[in-house]
Amino acid sequence: MKVLVLGAGQLARMMALAGAPLNIAISAYDVNSDAVVHPLTQQQLGSGLANAIADADVITAEFEHIPLPILEQCQQSGKFLPGSDAIQAGGDRRLEKALLTRCGVASASYSVINNEADFKQAVSSLGLPLIFKSALAGYDGKGQWRLKEPTQAAAVWQQMADFLAADSKQAIVVEQFISFNRELSLVGVRAASGEVKVYPLTENHHVNGVLSVSLARQVNEQLQQQAEQKFAAIANGLNYVGVLAIEFFEVNGNLLVNEIAPRVHNSGHWTQQGADVCQFENHLRAVTGMPLGNTELLRPTLMINILGEDSAPAAILSLAGLHIHWYGKAKRPGRKMGHINLSANSLAELKARFAKLIDLLPAVAFPELEQMLGQIS
Ligand code: ATP
Ligand code: MG
Ligand code: MG
């Protein structure tokens, strides 16, 4: 089987690693350069989308911010899963919010802003505090503004006015700022038959808007059921095929959807060592029509992102239950360069191993890990 992935980053790379034992060959289409590349070496294999589509059995995507003409061309081939509608819903917050409403899934109250009148209307109808997000192209907390005090309104609007003026396709989705207890995500997979399997809810910790640590452990059954029901509503609503991730806010035992990602997700990287079949393999199984694999947690596992560093102290590799995954990317400040998965047989053992790991890691490159360790209970 030959699978073409739109996007040539670490997610395509990890699909290639997971696909190899199943005899699934991955090539990656770099939408910026129009080149088809090998996902592990980045070596150019060819160019042009039409050739790449003709050569593939199945087409999928590793990110949602893909130009519409490319999505349409892939959709027309009849090989594209999860398909253009799902990718667009993940890449445009207006479509995403409309989808959630259509599927009957709760999220923060919102409105869409195109001009100053919309802005004033939103402030008066939704109330403060508010969070404003670019409708298109936002990730890692980029393209967001927050408004807490009425006195800041004019200044915040001015920034957004400049942003809107620079791109006529853009809009802003404004939401009520949710005072949440925790951020959780659910990664799951849906087959073409409609069969759904989900991983346990994962607890996520962000630093400066970027995911820092994900923890997968024995779940709270009540929350897990809520999450599964919302996952099924959205995945069925899109007739989705493949891995889908849903980010949630937990507010006093209730889940509100923050956003969805129509792809394998950073908060699912722990499944490489902590679950029976990992998210990358399950995505490939779903889109190629193979039976879905077991998504059960094998052992508590946490994932730590490596941001802006292309090396780590060698001593960490001596720790039991530790695996490191590098992405082979050029070093840039703050860039996702790799991740560490750390597993143990119990939560207590995982905390002890995490403490040992923290002692070995440079605190500057891995901030706030001590606090996160303290929050695990
Ligand atoms: P990602 O890299 O996950 O795709 P993103 O840029 O799409 O991020 P969001 O996930 O929408 O952005 O928001 C980033 C973070 O901002 C969230 O993880 C959460 O901590 C905070 N946040 C977003 N929306 C709200 C909200 N309505 N209320 C409170 N906090 C929020
Ligand atoms: Mg996002
Ligand atoms: Mg997010």
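None of these values were measured; they are calculated from a predicted model. (Residues numbered from 1 in each chain as written. Chains lettered and ligands numbered in written order. Predicted model: local features only at pLDDT ≥ 70, side-chain atom pairs only at ≥ 80, totals over all residues.)

**Quick word on the overall build of the protein chain**
The secondary structure content of the protein chain amounts to twelve helices and 18 strands. A compact globule built from 377 residues should have a C-alpha radius of gyration of about 21 Å, and the protein chain, at 21 Å, falls within 12% of that. Counting only C-alpha atoms and orienting by the principal axes, one finds that the protein chain spans roughly 55 × 50 × 40 Å. Taken over 377 residues, the protein chain has a buried fraction of 40%. (Helix = DSSP H or I, 4+ residues; strand = E, 2+ residues; numbered from the N terminus. Rg over C-alpha atoms; globule rule 2.2 N^0.38 Å. Buried ≥ 20, exposed ≤ 12 C-beta atoms within 10 Å, placed from the backbone.)

**Observations concerning the site of ligand 1**
Close contacts around ligand 1 come from 17 residues, with Ala108, Asp140, Gly141, Glu175 and Ile178 the closest. Looking at the shell around ligand 1, the elements that each hand over two or more residues are β7 (130-134) and β15 (254-261). Residue-level mapping places the shell around ligand 1 at the junction of two domains, with at least three residues from each of domain 2 (109-176) and domain 3 (182-375). (Near = placed C-beta within 6 Å. Domains from an automatic or database assignment.)

**Regarding the UniProt feature "signal peptide" (unreviewed entry) in the protein chain**
In the UniProt entry, the feature "signal peptide" (unreviewed entry) is given for residues 1-18. As annotated, residues 1-18 comprises 50% helix and 28% strand, and the C-alpha atoms at either end are separated by 13 Å. (UniProt positions renumbered as here; feature names shortened; annotations may be inferred.)

**Some words on the sheet that holds strand β6 (residues 110-113)**
With antiparallel pairing, four strands are arranged side by side in an open sheet as β6-β9-β7-β8. This sheet does not close on itself; its edge strands, each paired only once, are β6 and β8 (144-147). Each strand axis lies, on average, 20 degrees off the axis of its neighbour in the sheet, ignoring direction. Where helix α6 (residues 116-126) meets the sheet, its contacts fall on β6, β7 and β9 (172-176), and the angle it forms with β6 comes to roughly 170 degrees. (Pairing = 2+ DSSP bridges. Axes fitted to C-alpha atoms, helices over the stretch in contact; angles between N-to-C directions. Contact = placed C-beta atoms within 7 Å.)

**Overview of the domain arrangement of the protein chain**
Domain annotation of the protein chain identifies domain 1 (2-80), domain 2 (109-176) and domain 3 (182-375). Computed from C-alpha coordinates alone, the two centres of domain 1 and domain 2 are separated by 34 Å.

**Some points on the nonpolar core**
Ranked by size, the top nonpolar core spans 75 residues in total, and within it Val3, Val5, Met15 and Ile246 carry the most contacts. Here this core gets six residues from one element, more than from any other, and that element is helix α1 (residues 10-19). Filtering out sequence-adjacent residues up to four positions away, Val3 remains in contact with Gly19, Ile24, Ile26, Ala56, Asp57, Val58, Thr60, Leu284, Val287 and Thr288. Of all hydrophobic cores here, the second largest spans 19 residues; its members include Met303, Leu342, Ala344 and Leu357. (Core = buried A, V, L, I, M, F, W, Y, C linked by C-beta atoms within 7 Å.)

**With respect to the packing of helix α4 (residues 84-91) against helix α5 (residues 93-102)**
Helices that pack against each other are described as a pair by the angle of their axes relative to one another and the distance between those axes. Running from amino to carboxyl end, α4 crosses α5 at an angle of 110 degrees, the nearest separation of the two axes being 5 Å. One way to sum up the angle between α4 and α5 is to call them roughly perpendicular. Taking contact as the criterion, the partners of Gln88, Ala89 and Gly90 in α4 are, on α5, Leu95, Glu96 and Leu99. In terms of residue class, the contact of α4 with α5 is built from three nonpolar, two polar and one charged. (Parallel < 35°, antiparallel > 145°, perpendicular 65-115°, else oblique. Nonpolar A, V, L, I, M, F, W, Y, C, P; charged D, E, K, R; others polar.)

**Re the sheet that holds strand β5 (residues 58-61)**
As summarised here, the arrangement of the five strands in space is β4-β3-β2-β1-β5, forming an open sheet in which the pairing is mixed. Only two strands of the sheet have a single neighbouring strand rather than two, namely β4 (44-47) and β5. Averaged over neighbouring strand pairs, the angle between their axes works out to 30 degrees when direction is ignored. By the bridge criterion, four bridges tie strand β1 (residues 2-6) to β5 in an arrangement that is parallel. Note that in β5 the partner of Leu6 across the bridge is Ala61. Helix-sheet contacts for α1 involve β1 and β2 (25-30), and the interaxial angle to β2 is about 170 degrees.

**Some points on the confidence of the model for the protein chain**
The predicted coordinates should not be examined in detail at positions where pLDDT is low. Scored by pLDDT, the protein chain comes out at a mean of 98, with 100% of its residues at no less than 70. Our summary of model confidence lists the complex with pTM equal to 0.98 and ipTM equal to 0.99. (pLDDT = per-residue confidence, 0-100.)

**As for α4**
Listed in full, the buried residues belonging to α4 are Ala86, Ile87, Ala89, Gly90 and Gly91. Against β5, α3 (68-76), α5 and β15 lie the buried residues of α4.

**As for the environment of Phe163**
Within the secondary structure, Phe163 is located in helix α7 (residues 153-166). Beyond its immediate chain neighbours, meaning those up to four positions away, Phe163 contacts Ser134 and Gln170.

**A look at the packing of α3 against α4**
Contact pair α3 / α4: the axes reach a minimum separation of 9 Å and the direction vectors enclose 155 degrees. Classified by the interaxial angle, the pair formed by α3 and α4 is roughly antiparallel. The segment α3 lies against α4, with Leu71, Glu72, Cys74 and Gln75 engaging Ser84, Ile87 and Gln88. Tallied by class, the residues present in the contact of α3 with α4 amount to three nonpolar, three polar and one charged.

**Re unusual backbone geometry**
Going from Leu81 to Pro82, the amide bond is cis rather than trans, its omega being 10 degrees. The omega torsion across Leu128 and Pro129 is 0 degrees, close enough to zero to call that bond cis. Not every positive phi belongs to a glycine, and Asp34 is a case in point at roughly 65 degrees. By secondary structure assignment, the location of Asp34 is in the loop between β2 and β3 (35-37).

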